[in-house]
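Chain and residue survey
In case you want the letters, here they are:
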Amino acid sequence: VPLHYVPNSSPWILTRAHLNVVVACMVYDIVVVGVGGVGSFALRALSRRDGDAPLRILGIEQYELGHALGSSHGGTRIFRHAYVEHCDYVPLLFHSTKVFKELQQKSNIPIIEECGTLIIGYRDTRKNDDGNERVLTSEVIEEWQDQTVLEACRNSAAKYGIEMETITSQDVMKRYPFSVPDNKEGVLEPTAGFVRPESAMRAALEDARANDVHDIHILENTKVVSIEESSSTDGNVTIRTTTGVGNSIKTFHANAVICCGGAWNAKLLPTLRSKLRVTRQIQAWFEPPESKRKDFSPPHFPAWFLERKEGECPLYGIPCDPCSEYPYRSKVALHGRNVTVDPDEPRYAVTNDELDEIRDAVRSLIPEAADNIVDAQSCMYTVTPDENFVVDKCPDYEHVWCVAGLSGHGFKLTPALGQAIADLAMDGKTSLPVDFLGLKRFA
């Protein structure tokens, strides 16, 4: 039974007419817990699988699809390929960007904006052993374990042939409305930019619906309270849920489960709890003066990331989005605030102190931003000890797989992560290079 959206209404609202076929005693081939970024693309990947018999696939989302209570919202997210975090992500980034573009063309939904991404960091003043200035060839970079932010970008770019331009601080200020000190410089990746998360998830689910070979159901407003393996004839895994109406429990059975519950993964999978920490992050939007709107809009203004002093969170921003409800608002946010939260605790509005954190951080770089913040929203990061993802079978389970701990840099990779975890759950292997994200690194 394909998904059906309500005509002339929000594209995220699913009709309930088909849910009478969602029978609790049915054994599903696979259940996807969490239909956010990764979950949406996992469902798409499952819908595209070849096979002699149609798969019975269930997605369970504890809120409405496209909600703003987790980690897959906010209108825009940076995408880039010359990766600072780990160069092994680059093939996954190439895969994901290709999928975003394919979905954009197929759906006619604006998903991706190639306005460039500018990384601003400290110039490296270290010397080679002979006392001369270090030449940043890819061979030299590979030998250094303590890479700077800009070196890591150049390393990824050199290894994978990514176009990259180095820009002095003076030239950065000539091109863009930034104030950059002489001890910093920028590297611009012109084919990077930003992706629209809500649009990407919508397009992924609509594509899953269009591939009607398999039977796919999605339950919204349904909270998973436990995932347990069983040895009965009713599948390998039992999933217990509540709809919140009278707290009635409904049980589903599956041969396999993909858990991509974001900030709730640690509660759903207790054996991962020690590896996952949930933090509160703040995104803010500023409106530049009318005379400067063009300066903060694509293609004139890139997405950007600013390295700050040791002990200070990096700062990032995204241009005004011409496809947004508010096309003259540009995003600015701190990356990696160290404020631990419980995802089930009531959310509170962004405070003045939290806004002041952003104002104080951005004032020296973009004074217009500090003085013109008009909106703000919280979100959550789920952070691992090394800030790299977990893509693996869950400990102490045989039929439960997970994507967890995206650590604030995951949305740009959701197509690859969804594909990889669907492959692993169904086949036990994937052609995508995700071994470096396995749990064995923590052993």
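Heads up: these notes are all about the structure in this document. All of these numbers come straight from a predicted model, not from anything done at the bench. (Residues numbered from 1 in each chain as written. Predicted model: local features only at pLDDT ≥ 70, side-chain atom pairs only at ≥ 80, totals over all residues. Heavy atoms only, no water.)

**A look at the overall build of the chain**
For clarity, the threshold we go by: Only DSSP runs of H or I reaching four residues or more are called helices, and only runs of E reaching two or more are called strands; each is numbered from the N terminus. For each residue, the accessible area found with a 1.4 Å probe, counting protein chains only, is set against the maximum for its type, and the residue is called buried under 20%, exposed over 50%, and partly exposed in between. Working rule for contacts: check all heavy atoms of both residues, and any pair within 4.5 Å makes them a contact. Using a 1.4 Å probe, the Shrake-Rupley method yields the accessible areas, and only the shown protein chains count as cover for residues.
On a plain count of helices and strands, the chain comes out with 10 helices and 21 strands. Per-residue burial over the chain gives 53% buried out of 443 residues. Pairs at least 24 apart in sequence give 72% of the contacts found in the chain among residues at least 6 apart. About 19,200 Å² of surface is accessible on the chain, with carbon and sulfur atoms providing 47% of the total.

**Quick look at unusual backbone geometry**
Note the cis peptide between Pro-298 and Pro-299, where omega equals 5°. Of note, Pro-299 is situated in the loop between β15 (277-286) and β16 (303-306). For Ser-407, which is not glycine, the phi dihedral falls at a positive 55°. Topologically, Ser-407 is positioned in the loop between β21 (400-404) and α10 (414-427). For Ser-407, a relative accessible area of 4% translates into the label buried.

**Examining the sheet that holds strand β7 (residues 165-168)**
The cut-off we apply is this: Strands pair, by our definition, only if DSSP identifies at least two bridges between them. Inter-axis angles, ranging from 0 to 180 degrees, are taken between N-to-C directions of lines fitted to C-alpha atoms, where helices are fitted over the stretch in contact.
Read across the sheet, 8 strands follow the order β7-β8-β6-β16-β17-β18-β15-β19 without closing on themselves; strand pairing throughout is mixed. Each having just a single partner strand, β7 and β19 (373-383) make up the two edges of the open sheet. For this sheet, the mean angle separating the axes of adjacent strands, direction not counted, is 20°. Bridge count for strand β6 (residues 117-122) against β16 is 4 bridges, and the pairing is parallel.

**Details of helix α4 (residues 149-160)**
Side chains that are three or four residues apart share a direction in an α-helix, a result of its 3.6 residues per turn. Under the convention used in this document: A helix is expected to reach a length of 1.5 Å times the quantity of its residues less one.
Here α4 is 12 residues long and its end C-alpha atoms lie 17 Å apart, about the 16 Å a rise of 1.5 Å per residue gives. With 9 of its 12 residues buried, α4 lies for the most part within the structure.

**Side note on the sheet that holds strand β13 (residues 249-254)**
Taken together, the 4 strands give an open sheet; going across it, the order is β1-β13-β12-β11, and neighbouring strands pair in mixed fashion. Edge strands, defined here as strands with exactly one partner in the open sheet, are β1 (27-28) and β11 (223-229). Where strand β12 (residues 237-242) meets β13, 6 bridges bridge the pair, whose relative direction is antiparallel. Bridge assignment links Arg-240 to a residue of β13, and that residue is Thr-251.

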